[in-house]
Amino acid sequence: MPETRARLDDAQTAAVARYRSGLGPLPDLPPAGEYEDAQGVLVATAAGGDLRVVEVPRWEQPSTVAEQLHDRGWTEVAAWVGLPPDDVAGLPQRLLVLLPAAGLAPDSAALAGAAAAWAAVRDGGRDVVVVPVPVTPGAPEAGPEELAAAHGASLAGSRPWSGTARTGGTVVLCTGLSGAGKSTIAARLVELLIEAGRTVTLLDGDEVRHSLSAGLGFSKADRDTNVRRIGWVAARIAKHGGIAVCAPIAPYAEVRADVRREVEAQAGPGSFVLVHVATSLADCEARDRKGLYARARAGEIPAFTGISDPYETPADAEVTVETAGRSVDECARQVLEAVLSRPS
């Protein structure tokens, strides 16, 4: 039996909006009787292979946009699709801008950056109305002429955009076995970043467990949730140009990949730095001040990473830190160099 109600991601919700507007085919959605968007709003129902769209709050109907412009006194509407041209001198005084934004969150930094580019044109004296449309940047499901016509406008021009933007923020995720030195290196890295004049937030240790992840245990599902929560918060910090340093064990490649995708969706390509603190299991056990490994060996701690639960060594780490025979400062400066060399 399909789930009664399914939650759609941003791309799926945009596909529903395209279908409603006649800009795309019936979307391929997971089996369900009802569909809601990321905010929990019912957007469509399904029965007998038919999809009935209830509402898609984020995406305005092209006919609605056309009516709104008519009410503003726009008798002839010129539309531009995508980013502004390098030379805006030839643009009409009144312009409807259709900005492809399918798959982007409403608060996407990339979307904000594209809209800001048009704000500068507006500040130059033109009457510019910017409307996000549910087609995918870089691979639009409907062409510029089709988009313009759907909004009752003639096409003045277009300029593609990728839908990505680099905000200047960075997430540094230090992963490794318990006792590898992740927290110690992360703390020193934070000090070095502050000395370099950077805005930085440390997400590590008991503070995260007691506040952000209160109520979670140490099952695999709860540990994965803890890492994803840390990644979600870190992504928002990077989105606004800050640096977030995190140091969970994060033993599973799939969860680390999820965090990478979330960060880069918010802060742009290259904004995620995975650091593998590659301390050997023998060294971690030798420096086990809390006695956790001994308890795990005795069977007192189930599913302990490295003993009774796997640690999936990263194959995609930007930095691998070998700690044997090296000081904390040396290790932290290796990571610092990688962070400061990232493109802004």
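Given the structure is predicted, the values throughout are model-derived calculations rather than measurements.

Draft legend 1. How the structure looks around the nonpolar core. One finds Val-172, Leu-193, Val-245, Val-275 and Val-335 to be the most contacted residues of the largest nonpolar core, which totals 31 residues. Sorting the residues of this core by element identifies strand 9 (170-175), helix 5 (182-195), strand 11 (243-246), strand 12 (272-277), helix 10 (292-297), strand 13 (319-321) and helix 11 (328-340) as the ones contributing at least two each. When neighbours within four sequence positions are excluded, Val-275 is seen to be in contact with Val-172, Leu-173, Cys-174, Thr-175, Val-319, Val-321 and Val-335. Counting residues in hydrophobic clusters, the runner-up holds 22 residues, among them Tyr-35, Val-43, Leu-99 and Ala-102.

Draft legend 2. Region of the structure containing helix 8 (residues 253-267). The terminal C-alpha atoms of helix 8, which comprises 15 residues, lie 21 Å apart, in line with the 21 Å expected from a rise of 1.5 Å per residue. Of all the residues in helix 8, the buried ones are Val-255, Arg-256, Val-259, Arg-260, Val-263, Gln-266 and Ala-267. Looking down the long axis of helix 8, one finds its buried residues gathered within 145° of arc, a one-sided arrangement. Exposed and facing more than 90 degrees away from the buried side of helix 8 are Glu-254, Arg-261 and Ala-265. If you follow the buried residues of helix 8, they end up packed against helix 3 (109-123), strand 9, helix 7 (220-239) and strand 12. Backbone geometry just downstream of helix 8 places Gly-268 in the positive-phi region, at approximately 100°.

Draft legend 3. Here's a closer look at the packing of aromatic side chains. By the definition in use, this model includes two aromatic pairs. Between Trp-80 and Trp-118, the ring centres sit 6.5 Å apart and the planes meet at 65°, which makes this aromatic pair edge-to-face. Taken together, the residues Trp-80 in strand 5 (residues 78-82) and Trp-118 in helix 3 connect sequence positions 38 residues apart. Of the residues examined, Trp-80 reaches a relative accessible area of 9% and is grouped as buried. Judged by centre distance (5.0 Å) and plane angle (80°), the ring pair of Tyr-293 and Phe-304 falls under edge-to-face. Highlighted residues: Tyr-293 in helix 10 and Phe-304 in the loop between helix 10 and strand 13, separated in sequence by 11 residues. Of the two residues examined, Tyr-293 and Phe-304, each falls in the buried class.

Draft legend 4. Expanded view of the pattern of salt bridges. Tallying each qualifying case throughout the model produces 20 salt bridges. Here Arg-7 makes a salt bridge to Glu-36, at a shortest N to O gap of 2.7 Å. Of this pair, Arg-7 sits in strand 1 (residues 3-7) while Glu-36 sits in strand 2 (residues 32-36), and the two are 29 residues apart along the sequence. With a shortest N-O distance of 2.9 Å, Asp-107 and Lys-239 are connected by a salt bridge. Note that Asp-107 is positioned in the loop between strand 6 (94-100) and helix 3 and Lys-239 in helix 7, a separation of 132 residues in sequence.

Draft legend 5. Highlighting the environment of Gly-268. Its place among the elements puts Gly-268 in the loop between helix 8 and strand 12. As a C-alpha pair, Gly-268 and Pro-310 span 42 residues in sequence and 31 Å in three-dimensional space. In this view, Gly-268 contacts Ala-165, Arg-166 and Val-263; residues no more than four positions away in its chain are not counted.

Draft legend 6. Up close: the packing of helix 5 against helix 11. Taken N-terminus to C-terminus, the directions of helix 5 and helix 11 make an angle of 55°; their axes are 9 Å apart at the nearest point. Taken together, the axes of helix 5 and helix 11 are oblique relative to one another. Once helix 5 is placed against helix 11, the crossing between them reads as right-handed. Contacts between helix 5 and helix 11 pair Thr-184, Ile-185, Arg-188, Leu-189, Leu-192 and Leu-193 from the former with Val-328, Asp-329, Cys-331, Ala-332, Arg-333, Val-335, Leu-336, Val-339 and Leu-340 from the latter. Class assignment of the residues belonging to the contact of helix 5 with helix 11 gives a composition of 11 nonpolar, one polar and three charged.

Basis of the calculations
- Residues numbered from 1 in each chain as written.
- Predicted model: local features only at pLDDT ≥ 70, side-chain atom pairs only at ≥ 80, totals over all residues.
- Heavy atoms only, no water.
- Core = buried A, V, L, I, M, F, W, Y, C linked by side-chain atoms within 4.5 Å.
- Buried < 20%, exposed > 50% of the residue type's maximum accessible area, 1.4 Å probe, protein only.
- Helix = DSSP H or I, 4+ residues; strand = E, 2+ residues; numbered from the N terminus.
- Contact = heavy atoms within 4.5 Å.
- Expected span 1.5 Å × (residues − 1).
- Arc of directions from axis to C-beta.
- Phe/Tyr/Trp six-rings, centres within 6.5 Å; stacked < 30°, edge-to-face > 60°.
- Salt bridge = Lys/Arg side-chain N within 4 Å of Asp/Glu carboxyl O.
- Axes fitted to C-alpha atoms, helices over the stretch in contact; angles between N-to-C directions.
- Parallel < 35°, antiparallel > 145°, perpendicular 65-115°, else oblique.
- Left-handed = near helix turned anticlockwise from the far one by under 90°.
- Nonpolar A, V, L, I, M, F, W, Y, C, P; charged D, E, K, R; others polar.

Any functional reading would require information that these geometric values do not contain.
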